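Reading the structure
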Amino acid sequence: MMKKKSIPASKPFLILFLCQIISALDVPLDSKLLEELSQPPTITHQSPKDYIVDPRENIVIQCEAKGKPPPSFSWTRNGTHFDIDKDEQVTMKPNSGTLVINIMNGRKAEAYEGVYQCTARNERGAAISNNIVIRPSRSPLWTKEKLEPNQVREGDSLVLHCRPPVGLPPPIIFWMDNAFQRLPQSERVSQGLNGDLYFSNVQPEDTREDYICYARFNHTQTIQQKQPISVKVFSMDSLNDTIAANLSDTDIYGAKPVTERQPVLLTPTGSTSTKVELRGNVLLLECIAAGLPTPVIRWIKEGGELPANRTFFENFKKTLKIIDVSEADSGNYRCIARNTLGSVDHVISVTVKAAPYWITAPRNLVLSPGEDGTLICRANGNPKPSISWLANGVPIAIAPEDPSRKVDGDTIIFSHVQERSSAVYQCNASNEYGYLLANAFVNVLAEPPRILTPANKLYQVIADSPALLDCAYFGSPKPEIEWFKGVKGSILRGNEYVFHDNGTLEIPVAQKDSTGTYTCVARNELGKIQNEVHLEIKDPTMIIKQPEYKVVQRYGQVSFECIIKHDSTLLPTVIWLKDNDELPDDERFLVGKDNLTIMNVTDKDDGTYTCIVNTTLDSVSASAVLTVVAAPPTPAIIYARPNPPFDLELTGQLERSIQLSWIPGEENNSPITHFIIEYEDGLHEPGVWHYQTEVPGTQTTVQLKLSPYVNYSFRVIAVNKIGRSQPSEPSEQYLTKSASPDENPANVQGIGSEPDNLVITWESLKGFQSNGPGLQYKVSWRQKDVDDEWTSVIVANVSKYIVSGTPTFVPYEIKVQALNDLGYAPEPSEVIGHSGEDLPMVAPGNVQVHVINSTLAKVHWDPVPLKSVRGHLQGYKVYYWKVQSLSRRSRRHVEKKILTFRGNKTFGMLPGLEPYSSYKLNVRVVNGKGEGPASPDKVFKTPEGVPSSPSFLKITNPTLDSLTLEWGSPTHPNGVLTSYILKFQPINNTHELGPLVEIRIPANESSLILKNLNYSTRYKFYFNAQTSVGSGSQITEEAVTIMDEAGILHPAVGAGKAMASRQVDIATQGWFIGLMCAVALLILILLIVCFIRRNKGGKYPVKEKEDAHADPEIQPMKEDDGTFGEYSDAEDHKPLKKGSRTPSDRTVKKEDSDDSLVDYGEGVNGQFNEDGSFIGQYSGKKEKEPAEGNESSEAPSPVNAMNSFV
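What you are looking at is a predicted structure, and each value in this text was computed from that prediction instead of being measured.

Summing up its helical and strand segments, the protein has 9 helices and 85 strands in all. Residue burial in the protein is summarised as follows: out of 1206 residues, 39% are buried. For the protein, contacts bridging at least 24 residues in sequence account for 65% of all contacts bridging at least 6. Carbon and sulfur atoms make up 51% of the accessible area of the protein, which amounts to about 65,800 Å² in all.

Below is the structure:
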């Protein structure tokens, strides 16, 4: 809405506040979508409820709102309509509800005090702002008053009252002196919350006449000053001197010395007081006491603790500050003032009230026609607030009725809404301490589906990773989403896909065959829309050769390899890290394409090196440790593996443990890092050593755990950074006592080998696991889910037992327990096995074939009932074979192909089919026993494809201008041949290709004579066949036309004559081309030399020219002079004129010319340089004179010579 005196403002963008929507209908935050949808008004910005304005500036009352269509604005003032058109000082910003009140023209801000409220309205409802109370700030002056000086006795208390004027907002109080320096404060002297200055006891140094209280009004940036207060402190010594001067010697006089006094509270007064504070505010409690010595203040809460993290002490602990108070902070707070003479306390009873605060604020509601919804408005406070509802700014009791709306206290229930139900509702929660007002709209939309995901969006995913294809959508009612693969694919269903509520299609494990185009379709009762996205599956990045552990001597060189394999379409980057941080900035570290080399290794290079390979889709890494050992300072120091330990001793023998100790061998210049302890069981596995444990290199004793019924021997191996030592000599043997087994056999299984048996197998216990002699096994079994007793049998130390006479493929519970001569092992756990399988009984049904292209088909079938499988379902086998080719109608040996599809799949792809052929297939179910019966044979045909290359291409009968081509039809025509395509082009001696010629040949032809070719020319031929689908692969050949008919007419001519009769084009010979290039280069050099000499010929020695005889015209030299004639223009061959250049040797012989330099340079036109050299123009500055016949026979220029030569 535009008002007079408009003030420019930015147009608010239509962005729905949809993050708060509660409904079944989600509106995505898409800017284009949001601009198109209708929306009731929403207040986006408004001035605070209590708005104190500066009376010296214009008043700006904010009210911004958004909606679709854009809302209009109106205002009320003190509850009645505020007509801004009638007040020329008030304007409204364009496209906004913000008011600007101009008070710079003499109007007072007080004239506009009041309560303002803004309404934003469009066709879908009206939103209202808070009640904005406008008050101008006030900073009144101090009233004039006569202040009497304060005369105080030393040690007494004193209060200097400030009593600042009442301002809006209240001022900030502080005390200063005449020099504008803050008065020092301490535990003895401090300022109270009311601004007064309190002295617990006065001292002589407190005497001064400039105690000044200042009040700072921040809103108007003004400071008001109270009149200075004078304080004079009388000490006891000076008081006694005054009394003595006025009394006789016989009088008894003298004032009492300063006496200490116990604490007395200056504020608050009395023993108790009360304080009310609002929830969320800062609670300030104050206690200031008088006394001598100065009292110390302490605070406690009766019946509880002061809240941690929210309690602070200020003003030398005289003020207790608790931030963000809540109802739990109510209670009695006691302040205790104490000095050496006693104490005094005061109890402040604190009650925390609460203005209304939200528990559940109403939230915008977006519904479809016919849907239900609720608006909930719940608030709390102390006292509990009352809830009232408004509709479009009007109390709901008097608002227009809506049959879909029902008010139930703090809830409005909507049923079967229609578009006319759209409105803005206001919830008002209020108590005596304040109110809350919230707008929440109900927006009923009827919109056809929209898909917000960009069309043809490309997704790239690493194989075996999840793929998430987006289909962000919107519609009202909420659309249904379906996904299809390919242009004409069927709807996607099944466990291999996950369909998310937001429209996203998830392929949990994307494979190469997941690549393709996917179509998302959104539909509701108002329409339908679809969108295509594309998925590409990339090969994962792998490190095929990882860095390996390296040990290198100090100052040596080391290299780590990191060879990778990645998808060809992804660009990898390789980063090396040291100890998970960047490599040191050191030129010794050389990063190659697939390695890291470290030169001149130091001890600091010791650590873990990691190779990280990143692409845009994945990342892999591998690490290796570099160990730097000391380099030998002299050849005498040798680093080697340690010597073996010796003197092994067994002590502390017990049934299940023993202590082993040893003496380490020589370290050989590399410290021992750890010891490895191995053991031998001489009773069960003599000669075989097993790993027992390892200990640090500083330890030479270890406590070993033992097993029963084992004849132990031990040995120790030392390890340093170089390697492992030889094993020590074995220790003495120690035989442990027998015991019952501690464990049962592992890997218990039950698998039938025949339809009527159950084969129970297990892994037998090793010798030392038997714990004693007489190892046997108790095998137990019973049929699962049948109320049978366990059947048990005890067998010798074997690993298999066969139960006969079982039903076919039923589950059994099985357990195997070990026992020996001393007793049983603990109760074993049960495993589930199955009796033997039998061949499936039923063939898959409803076999369907969908031919995708000429080489690929998709087969579907219905799964067989699991009961008919009679075993573990392993999958389905598809047998398919070619019956005949549709192009040749010839039968051949039938070669059946088999494809196996694991698990309970009901479809599969048949690749590698031959085009234009007839096929048959059947499907069989497979279990562990074998295959079931085949389904009825299904016949299908593949469409035409492109043919293979012709079987051969021969070129015969070369002549001067023709070649004969013969060819064979393709071995695999893959359809009906429509034609052959022949392309050919000449090739010159430099292997450059000439223009390409194309000829189409009927399919029934098998030969062709090409005529009108160039003689003695090589041609390259490209030949392929075509079907209606397209061109097949091509075959190429080369051939040469002959030079003449000699070879044809005179076949008996000898080789020497044949060569003689052959005419060779010399212009195409390499030696001739090279010779011509050399000659041209020499002529070019000659021209350059001549050009340089002509340019330098303008300067001559002055002495030489003065000696020369003047001659008005220089005649060309004769051929018999042995010198060159003058150059002339290479094209017109005109004779030279006066001023023509001298010969190329830059000299003028005296016998030829005695002219002066002036004459030579055409008289006065000749000039001299400072060095005496001639700088006249050879061609003269006059117009050209006519040629004087053929007096001069000029020699040809080098340019003409070159032209004539070439």
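In this section: the sheet that holds strand β46 (residues 527-538). One open sheet holds the 4 strands; their spatial order is β39-β46-β45-β42, and the pairing between them is mixed. Sheet topology places β39 (457-462) and β42 (480-485) at the edges, where each strand pairs with a single neighbour. Averaged over all pairs of adjacent strands, the angle between their axes in this sheet comes to 25°, without regard to strand direction. As defined by bridge partners, β39 adjoins β46 across 6 bridges and the pair is classed as parallel. Note on β46: the bridge partner recorded for leucine 458 is histidine 534.

The next point concerns the nonpolar core. Counting 31 residues, the largest nonpolar core has Ile59, Ile61, Trp75, Leu99, Ile101, Tyr116 and Ile134 as its most contacted members. Breaking this core down by element, the ones donating at least two residues are β2 (50-53), β3 (59-61), β4 (63-68), β5 (72-77), β7 (90-92), β8 (99-101), β9 (114-122) and β11 (132-136). When residues in this core are grouped by element, the largest group, 3 residues, is from β9. Apart from residues no more than four positions distant in its own chain, isoleucine 61 is found in contact with Ser47, Tyr51, Trp75, Gly97, Thr98, Leu99, Ile101, Tyr116, Ile132 and Ile134.

For the structure on display, the rule yields 6 disulfides. Each sulfur in the disulfide pair cysteine 162 and cysteine 213 lies 1.9 Å from the other. Since a negative S-S torsion denotes a left-handed disulfide, the cysteine 162-cysteine 213 link at about -70° is left-handed. You can see cysteine 162 sitting in the loop between β13 (158-160) and β14 (172-176) and its partner cysteine 213 sitting in strand β17 (residues 208-217), a full 51 residues away along the chain. We classify cysteine 213 as buried; its relative accessible area is 0%. The connectivity of the disulfide bonds within the protein can be written as 1-2, 3-4, 5-6, 7-8, 9-10, 11-12, using the sequence rank of each bonded cysteine.

With that settled, the discussion passes to a nonpolar patch on the surface. Among the surface-exposed residues, Leu1081, Leu1082, Leu1084, Ile1085, Ile1088, Val1089, Phe1091 and Ile1092 lie close enough to one another that they form a single nonpolar patch of about 770 Å² accessible area. Within the fold, valine 1089 resides in helix α6 (residues 1070-1096).

The next thing to look at is the pairing of β11. Alternating residues of β11 divide into Ile132, Ile134 and Pro136, all buried, and Val133 and Arg135, none buried. As paired strands, β2 and β11 are joined by 4 bridges and run parallel to one another. Bridging across to β11, tyrosine 51 finds its partner in isoleucine 134. The pairing of β9 with β11 spans 3 bridges and is classified as antiparallel. Directly across from glycine 114, in β11, lies its bridge partner isoleucine 134.

As summarised here, the arrangement of the 5 strands in space is β29-β37-β36-β32-β33, forming an open sheet in which the pairing is mixed. Unpaired on one side and paired on the other, β29 (365-367) and β33 (394-395) mark the two borders of the sheet. Pairing between β29 and strand β37 (residues 434-444): 3 bridges, direction parallel. Bridging from a neighbouring strand, leucine 367 pairs with valine 444 of β37.

In this section: the pairing of strand β54 (residues 595-598). Bridge count for strand β49 (residues 558-561) against β54 is 4 bridges, and the pairing is antiparallel. Each bridged residue has a counterpart across the sheet, and for serine 559 the counterpart in β54 is threonine 597. Two strands pair when backbone bridges link them, and strand β53 (residues 589-591) and β54 are joined in this way by 3 bridges, in the antiparallel orientation. Looking at β54, one finds that phenylalanine 589 is bridged to isoleucine 598. The turn linking β53 back onto β54 is made up of 3 residues.

Quick look at the layout of surface pockets now. The volume enclosed by the largest pocket comes to roughly 1,200 Å³. Considering the residues around the largest pocket, the lining is formed by 31 residues, among which Lys485, Tyr497, Lys858, Phe907 and Met909 are closest to the centre. Secondary structure elements with two or more residues in the lining of the largest pocket: β72 (845-853), β73 (856-862) and β76 (907-910). The class makeup of the residues in the lining of the largest pocket is 12 nonpolar, 12 polar and 7 charged.

Attention shifts here to the packing of aromatic side chains. Here the structure, examined in full by the defined rule, presents 21 aromatic pairs. With centroids separated by 5.6 Å and ring planes inclined at 15°, the aromatic side chains of tyrosine 919 and phenylalanine 940 adopt a geometry described as stacked. Taken together, the residues tyrosine 919 in strand β77 (residues 917-927) and phenylalanine 940 in strand β78 (residues 938-941) connect sequence positions 21 residues apart. In terms of burial, tyrosine 919 and phenylalanine 940 fall into one category: buried. Aromatic side chains tyrosine 1019 and phenylalanine 1021 sit 6.4 Å apart centroid to centroid with 40° between the ring planes, which places their arrangement in the tilted category. Phenylalanine 1021 shares its class with tyrosine 1019; the two are buried. Here the aromatic cluster, defined as three or more aromatic residues joined through ring pairs, consists of Phe174, Phe180 and Tyr214.

Attention now goes to the pattern of salt bridges. Under the criterion given, the structure shown has 36 salt bridges. Between glutamate 1038 and arginine 1018 there is a salt bridge, with its nearest N and O atoms 3.5 Å apart. A residue pair is termed long-range when its members are at least 10 positions apart, and glutamate 1038 in strand β85 (residues 1035-1040) and arginine 1018 in strand β84 (residues 1018-1026) qualify at 20 residues. What you see here is one network of salt bridges that share partners, running through Asp177, Arg208 and Asp210.

Moving on, we come to the side chain of glutamine 89. Position of glutamine 89 relative to the elements: it lies in the loop between β6 (80-81) and β7. Taking relative accessible area as the criterion, glutamine 89 reaches 9% and is therefore assigned buried. Not counting residues up to four positions away in its chain, the partners in contact with glutamine 89 are Val100, Ile101, Asn102, Asn105, Arg107 and Tyr112.

By the secondary structure assignment, alanine 739 is in the loop between β63 (734-735) and β64 (746-751). Looking at alanine 739, the relative accessible area reads 18%, which means it is buried. As for alanine 739 and leucine 822, which are separated by 83 residues in sequence, their C-alpha atoms are 5.9 Å apart.

Attention now moves to unusual backbone geometry. In this structure, proline 293 follows leucine 292 across a cis peptide bond, with omega equal to 0°. Within the element layout of this structure, proline 293 appears in the loop between β23 (288-292) and β24 (296-301). Geometrically, the link from serine 476 to proline 477 is a cis peptide bond, its omega value of 5° lying close to zero. Following the sequence through the fold, proline 477 ends up in the loop between β41 (473-476) and β42. In this structure, asparagine 315 is a non-glycine residue whose phi angle is positive, near 55°. Along the chain, asparagine 315 falls in the loop between β25 (311-314) and β26 (319-322). The backbone of asparagine 957 sits at a positive phi, close to 50°, despite the residue not being glycine. Looking at the secondary structure, you find asparagine 957 in the loop between β79 (950-956) and β80 (963-970). A relative accessible area of 51% places asparagine 957 in the exposed class.

Conventions adopted
- What you see as residue numbers is a count from 1 along each chain, following the sequence as written.
- At least 70 in pLDDT is required for a residue's local features to be given in this predicted model, at least 80 for side-chain atom pairs to be given and counted, and no such filter applies to totals for whole chains, interfaces and linings, which use all residues.
- Think of the side-chain values as coming from all heavy atoms in the structure, minus any hydrogens and water.
- Under the scheme used here, helices are H or I runs from DSSP no shorter than 4 residues and strands are E runs no shorter than 2 residues, and both carry numbers assigned from the N terminus.
- Exposure classes here rest on a 1.4 Å probe applied to the protein chains alone. A residue is buried below 20% of its type maximum, exposed above 50%, and partly exposed in between.
- It only takes one pair of heavy atoms within 4.5 Å for two residues to be counted as in contact.
- All accessibility values rest on the Shrake-Rupley procedure with a 1.4 Å probe; residue burial counts only the protein chains present in the view.
- Any two strands are treated as partners once DSSP identifies two or more bridges connecting them.
- Here an axis means a line fitted to C-alpha atoms, over the contact stretch when the element is a helix, while the angle between two N-to-C directions is reported on a 0 to 180 degree scale.
- Here the nonpolar core consists of buried residues drawn from Ala, Val, Leu, Ile, Met, Phe, Trp, Tyr and Cys, with membership extended through side-chain atoms lying within 4.5 Å.
- In this description, a disulfide is simply a cysteine sulfur pair whose atoms lie within 2.5 Å.
- Like charges are joined within 9 Å and nonpolar side chains (Val, Leu, Ile, Met, Phe, Trp, Tyr) within 5 Å, but only among residues with over 30% relative accessible area and no salt bridge; these make up the patches.
- Put simply, a salt bridge is a Lys or Arg side-chain nitrogen that is within 4 Å of an Asp or Glu carboxyl oxygen.
- Computed over the protein atoms alone on a 1 Å grid, cavities are sets of points where a 1.4 Å probe fits but cannot get out and pockets are open sets with protein on both sides within 12 Å along at least five of seven lines; a residue lines them when it has an atom within 4 Å of a point.
- Grid points are joined across faces, edges and corners, and a volume is the space filled by probe spheres set on the points.
- Gly counts as polar in this scheme, as do all residues outside two lists: the nonpolar Ala, Val, Leu, Ile, Met, Phe, Trp, Tyr, Cys and Pro, and the charged Asp, Glu, Lys and Arg.
- Centres within 6.5 Å make a pair out of two Phe, Tyr or Trp rings, where for Trp the six-membered ring is used; the pair is then stacked when the planes are under 30 degrees apart, edge-to-face when over 60, and tilted otherwise.

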